[in-house]
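Structure at a glance
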Amino acid sequence: MDIRGRRQSSNVEDRRGMRPVRTGVGLSLGGVLFLVVLSLFGINPLPFLGVATKAPEVQMQDTGQPYQESPREAQTRELTAVVLADTEETWSALLPKYGVQYVEPKLVLFSGAVASACGTGQSAMGPFYCPLDQKVYLDMSFFDDLSQRFGAPGDFAQAYVIAHEVGHHVQNLVGTAEKVSAAQQRMSKADANAMSVRMELQADCYAGVWAHNAARSRQLLEPGDVEEGLRAASAIGDDRIQKQTQGRVVPDAFTHGSSEQRMRWFNRGLETGNPEACDTFAAAQL
Ligand SMILES: [Zn+2]
């Protein structure tokens, strides 16, 4: 990708200089019971979690020193900000056609651990999106893993990861996330998991929709970029990147689909550039 002279998003929140401090304040017993009762009645507790968990389990304390980044980290941060800006262009142009105004998500850079409205995020979980605060959380060291452990190097592989998380934000904005989560309350665990796979593949397809638009409208892609993206889609299939989930309400805590399925849906978005082609819920075959 050639990012020289490209706009960088102002929605990047740098929290790399923060360190977690345990406070022991989490969900109260009453809060937990309240959520359990809601779930029993088939009410999606997700919208209530934001209220119930107002006190974070972990507070982040400023170390008082700005994070000292290496030149390589600075480069990756710039790439992240450019990709995020480009997803803003894409989705704010596409969504109004469906009667939805695009609200730009924040992207939080962290190192090690981070407090989100969905609970404490750890680097080992990989990047994630929290629907409760509409933020994407990213420890950029994940990109080293992507390159070294998963064999998917390159800046477009990184861009794909960001665009996938933004895809979850789009699902949140258009109401898919809420519908799916409500339906999952009434399903067996296996069916609920299959539903999560469809969510993940749709986010992959949305990443492809972004790549299509980035290439067509803004010539952001260079030869070889698509292959990098496909390699990344394939490399992080299934639960290869997911470790402990600790019961957090994050779509990425579930199965993602096979490598082949991920590549296929990314490709579908890439070829069509049309979010309507991403209806993984209607597809008989994934
Ligand atoms: Zn995902």
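All chains use their own residue numbering, which begins from 1 and follows the written sequence. Local features are withheld for residues below a pLDDT of 70 in this predicted model, meaning they are given only at 70 or higher, and side-chain atom pairs are given and counted only at 80 or more; totals for whole chains, interfaces and linings count all residues. The basis for every side-chain value is the complete set of heavy atoms in the structure, and neither hydrogens nor water enter the calculation.

Counting from the N terminus, the helices are DSSP H or I runs at least four residues long and the strands are E runs at least two residues long. Looking only at helices and strands, the chain features nine helices and eight strands. Accessibility here uses a 1.4 Å probe with only protein chains present; expressed as a share of the type maximum, an area under 20% marks a residue as buried, one over 50% as exposed, and anything in between as partly exposed. Per-residue burial over the chain gives 49% buried out of 286 residues. Within the chain, contacts between residues at least 6 apart in sequence are counted, and of these 77% link residues at least 24 apart. Looking at the chain as shown, the accessible area adds up to about 13300 Å², and 52% of this sits on carbon and sulfur atoms. Note on definitions: a residue-residue contact is assigned when non-hydrogen atoms from the two residues lie within 4.5 Å. Each accessible area is a Shrake-Rupley result for a 1.4 Å probe, and residues are judged covered by the shown protein chains and nothing else.

On to the packing of aromatic side chains. Two rings from Phe, Tyr or Trp (for Trp, the six-membered ring) form a pair when their centres sit within 6.5 Å of each other. Planes less than 30 degrees apart are called stacked, planes more than 60 degrees apart edge-to-face, and all others tilted. Across all of its chains, the model carries five aromatic pairs by this definition. For the ring pair Trp-91 and Tyr-206, a centre distance of 5.3 Å and an interplane angle of 70° mean the geometry is edge-to-face. Here the residue Trp-91 occupies a position in helix H3 (residues 71-94), and Tyr-206 occupies one in helix H7 (residues 189-218), the gap between them amounting to 115 residues. You can call Trp-91 buried: its relative accessible area is 1%.

Turning our eyes to something else, we now look at the pattern of salt bridges. By definition, a salt bridge exists where a carboxyl oxygen of Asp or Glu is found within 4 Å of a side-chain nitrogen of Lys or Arg. Tallying each qualifying case throughout the model produces 13 salt bridges. Glu-260 is the salt-bridge partner of Arg-264, the closest N and O atoms lying 2.8 Å from each other. Separated by four residues within a single helix, Arg-264 and Glu-260 lie in helix H9 (residues 259-272), roughly one turn from each other. Connected via shared salt-bridge partners are Asp-14, Arg-16, Glu-69 and Arg-77.

This part is about H7. What a helix is expected to span follows from its residue count: subtract one and scale by 1.5 Å. The first and last C-alpha atoms of H7 sit 43 Å apart over 30 residues, in line with the 44 Å expected at 1.5 Å per residue. The element H7 is extensively covered by neighbouring structure, given that 21 of its 30 residues are classed as buried.

Moving on, we get to the confidence of the model for the chain. Taken as a whole, the chain shows an average pLDDT of 82; of its residues, 80% reach a score of 70 or greater. The pLDDT value expresses, per residue, how confident the predictor is, ranging between 0 and 100. Highest mean pLDDT in the chain belongs to strand S4 (residues 106-109) (98); lowest belongs to helix H2 (residues 46-52) (42). Confidence drops under a pLDDT of 50 for residues 28-56, and excluding neighbours within four residues, the segment shows 33 contacts in the predicted structure.

Another aspect to go through is the environment of Gly-257. Mapped onto the elements, Gly-257 comes out in the loop between helix H8 (225-235) and H9. Judged by relative accessible area, which is 3%, Gly-257 ranks as buried. A C-alpha to C-alpha distance of 5.3 Å links Gly-257 and Val-197, two positions 60 residues apart in sequence.

This part takes up the packing of helix H5 (residues 155-174) against H8. Axes here mean lines fitted to C-alpha atoms, for a helix over just the part in contact, with angles spanning 0 to 180 degrees between N-to-C directions. H8 packs onto H5 with a crossing angle of 55° between their chain directions and a minimal axis gap of 7 Å. With respect to H8, the axis of H5 lies oblique. Helix-helix and strand crossings are classified by hand; for H5 and H8 the assignment is right-handed. Of the residues in H8, those in contact with Asp-155, Phe-156, Ala-157 and Tyr-160 of H5 are Asp-225, Val-226, Glu-228, Gly-229, Ala-232 and Ala-233. Residues are grouped as follows: Ala, Val, Leu, Ile, Met, Phe, Trp, Tyr, Cys and Pro are nonpolar; Asp, Glu, Lys and Arg are charged; all remaining types, including Gly, are polar. For the contact of H5 with H8, the per-class residue count stands at six nonpolar, one polar and three charged. Every angle not falling under 35 degrees, over 145, or within 65 to 115 is termed oblique; those three ranges are roughly parallel, roughly antiparallel and roughly perpendicular. Each crossing is labelled by how the near helix is turned from the far one, with a counterclockwise turn of less than a right angle marking it left-handed and a clockwise turn marking it right-handed.

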